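Listed below are the residues making up each chain.
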Amino acid sequence: MEFMTGVKKQATLEIRDLMSADRTGKTVKVNGAVHSVNDMGAVTFVILRKREGLLQCIYEEKTAEFDVNSIREGSTLELEGILEQDERAPHGIEIRIRKVRVLSEPAEAMPLPVSKWKMNTSLDAKLNYRSISLRNIRERAKFKLQEGIVRGFRDFLYEQEFTEIHTPKIGARSAEGGANLFRLEYFHRPAILQQSPQLYKQMMVGVFDRVFETGPVFRAEKHNTKRHLNEYTSLDFEMGYIDGFEDIMAMETGFLQYTMELLGREYGDALRILNVTLPDVSRIPMVRFDEAKKLAAEKYSRKIRNPFDLEPEEESLIGRYFKEEENADFVFVTHYPSKKRPFYAMDDPEDTRYTLSFDLLYHGLEITTGGQRIHDYNGLMEKIAARGMSGDGLEQYLNTFKHGMPPHGGLGIGMERLTMKLIGEDNIRETTLFPRDLSRLEP
Ligand code: AMO
């Protein structure tokens, strides 16, 4: 009888292995994709792309036991050669190739110059050939940092004793309101794609006290902007037994501190490739919504058009104000108007025109919304009635509150927006693997 006994060690080495033990002068075996081939006359540089980065390999006719013409950009190879140190090479190492085994060959030439440092290709072309453009080292690095952000979110919240949950994306009713719902037919019944996990994460606070989810959410936004997607990944958490919505902001600050530290420690390559300086998140200013509007209006001589709304331009000016005055990359804007928040938001008992909620702006762009929720059943029913809403499709949600819920609150972070601001991109599609927008359903 044969058995599987676990992951087997491969004979081929990774960049880390090549760098760690002293293998200089020894024969090593590696695999990878041919990123570029540069014929310099006497020697040919064959750059392999591996999961950790680029590996320089050198072909010399006199020592190699094959014809260099068999190596083309896009081929995948397994090669054997002598490992050498060279500080000019990526990671300070290179391999003098002896033998090559071609694992696969491309059927066509590369449609984009993926081996260039900067591709200088339009965003549209990059998105049309997404799986190819991502092979570019800088494009790929964006998504390594994105991985680090989500990993930071998960690891930090596990440490804070949150339970990870997975809630349905098809439903009868969504929480956020507005007109941006994708509607579909679910076995002859009307259904929607969830705009957020809001209702479910709140219900689960009654079970686990602290929960989080990272998953897709859907917004049928009909406008084409640089900061909206029709499907994005939301990093959500919800926690019970809070003293106030400040607890949620404190938890988010903790997440940012944990994550920036993680990125600095483990994502150095990606940070260097993209030339990213990590923001200081040791202290984040907090300002009330009405105060923030006033400060920006006064400093930049701008008229406040609507005291209960925050226009994108105002957001950006508030970001600028806090950068200039406090050298802050982030700012919590608190006490959003009740009219601008969904029914579940808790109104401020001191002034019910406002809510116990906040947005976090990063360089003047909203990356998070959060706040305290109404946890009292009667209070919730009153707000629903006051808004002239119907409880249809909310029965299970409301039932949960009937049977007791602790004071609680939470937040939702737009993963792509956070990545975009960290990297300094100005279009959200740059930090979305496969964006969905008004015109794009493929790839
Ligand atoms: P909100 O609707 O403000 O709040 O969304 C939370 C965060 O998600 C991001 N975001 C988007 N990103 C890309 N494309 C979009 N179309 C888009 N819309 C929103 C933003 C935003 O700050 N349930 C609440 C959160 C909560 O209170 O827990 C919610 O979904 O970064």
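Keep in mind that what you see is a predicted model, and the values were worked out from it rather than measured.

A. Representation of the overall build of the protein in the model. Within the protein, the secondary structure is distributed over 12 helices and 18 strands. Dimensions of the protein, computed from the C-alpha atoms along their principal axes, are close to 85 × 65 × 40 Å. The buried share of the protein, taken over its 443 residues, is 52%. Taking as baseline every contact in the protein between residues at least 6 positions apart, the subset at least 24 positions apart corresponds to 65%. Working note: accessible area of the protein is about 22,400 Å², and carbon and sulfur atoms make up 49% of it.

B. Structural detail: the pairing of strand S8 (residues 183-186). In this structure, S8 lies alongside strand S9 (residues 189-193), joined through four bridges in antiparallel fashion. Paired with Glu185 across the strands is Pro190, a residue of S9. Here S8 folds back onto S9 in antiparallel fashion, the turn holding two residues, of which Phe187 has a positive phi close to 45 degrees.

C. The site of the ligand, seen in detail. Glu176, Gln198, Lys201, Glu366 and Thr369 are the nearest of the 23 residues found near the ligand. Take Glu221: an N or O atom from its side chain is 3.2 Å from a nitrogen atom of the ligand. Interatomic distance of 3.2 Å between a backbone N/O atom of Thr368 and an oxygen atom of the ligand. Elements that contribute at least two residues to the shell around the ligand include exactly helix H5 (198-208), strand S17 (365-372) and strand S18 (408-414). It is S17 that contributes the most residues to the shell around the ligand, five residues altogether. Class assignment for the residues of the shell around the ligand results in six nonpolar, nine polar and eight charged.

D. Inspection of the sheet that holds strand S10 (residues 210-218) at higher detail. Taken together, eight strands build an open sheet; the order of strands is S6-S10-S11-S18-S17-S16-S13-S12 and the sheet is mixed. With partners counted over all chains shown, the strands left at the sheet margins are strand S6 (163-164) and strand S12 (286-288), one partner each. For S12 and strand S13 (residues 330-334), the ladder comprises three bridges, and the chain directions are parallel. Looking across to S13, one finds that Val287 is bridged to Val333. Against the sheet, helix H9 (residues 312-326) makes contact with S12, S13, strand S16 (357-362) and S17, and its axis sits at roughly 125 degrees relative to S13, the strand it touches most.

E. Quick look at the side chain of Glu315. Relative to the helices and strands, Glu315 resides in helix H9. No salt bridge is formed by the buried Glu315, whose closest oppositely charged neighbour, Arg227, lies at an N-O distance of 5.5 Å. If we skip the residues at most four places from it in the chain, Glu315 touches Leu310, Leu361, Gly364, Leu365 and Glu366.

F. Examining the packing of helix H8 (residues 289-299) against H9 more closely. Two elements in contact, H8 and H9, have axes separated by 9 Å at closest approach and are oriented at 80 degrees. Of the possible angle classes, the one that applies to H8 and H9 is roughly perpendicular. Residue-level inspection shows Ala292, Lys293, Leu295, Ala296 and Lys299 of H8 in contact with H9, the latter providing Glu314, Leu317, Ile318, Tyr321, Phe322, Glu324 and Glu325. Partitioned by chemical class, the residues of the contact of H8 with H9 number seven nonpolar, no polar and five charged.

G. Spatial organisation of the packing of helix H4 (residues 137-159) against helix H12 (residues 415-423). At a minimum axis separation of 10 Å, H4 and H12 run at an interaxial angle of 120 degrees. In terms of axis orientation, H4 runs oblique to H12. Between H4 and H12 the crossing geometry is right-handed. Across from Lys142, Leu145, Gln146, Ile149 and Val150 in H4, the residues of H12 making contact are Met415, Glu416, Leu418, Thr419, Leu422 and Ile423. Considering only residue class, the contact of H4 with H12 consists of seven nonpolar, two polar and two charged.

H. Summary view of the pairing of strand S15 (residues 351-355). With two bridges connecting them, strand S14 (residues 347-348) and S15 associate as antiparallel partners. Each bridged residue has a counterpart across the sheet, and for Asp347 the counterpart in S15 is Thr355. Hairpin connection between S14 and S15: a loop of two residues separates the two successive antiparallel strands.

Analysis parameters
Residues numbered from 1 in each chain as written. Predicted model: local features only at pLDDT ≥ 70, side-chain atom pairs only at ≥ 80, totals over all residues. Heavy atoms only, no water. Helix = DSSP H or I, 4+ residues; strand = E, 2+ residues; numbered from the N terminus. Buried < 20%, exposed > 50% of the residue type's maximum accessible area, 1.4 Å probe, protein only. Contact = heavy atoms within 4.5 Å. Areas by Shrake-Rupley, 256 points an atom, 1.4 Å probe, with all protein chains shown as cover. Pairing = 2+ DSSP bridges. Near = heavy atom within 4 Å. Polar contact = N/O pair within 3.5 Å; in protein donor to acceptor, adjacent residues only side chain to side chain. Nonpolar A, V, L, I, M, F, W, Y, C, P; charged D, E, K, R; others polar. Axes fitted to C-alpha atoms, helices over the stretch in contact; angles between N-to-C directions. Lys, Arg positive; Asp, Glu negative; His and termini not counted. Salt bridge = Lys/Arg side-chain N within 4 Å of Asp/Glu carboxyl O. Parallel < 35°, antiparallel > 145°, perpendicular 65-115°, else oblique. Left-handed = near helix turned anticlockwise from the far one by under 90°.

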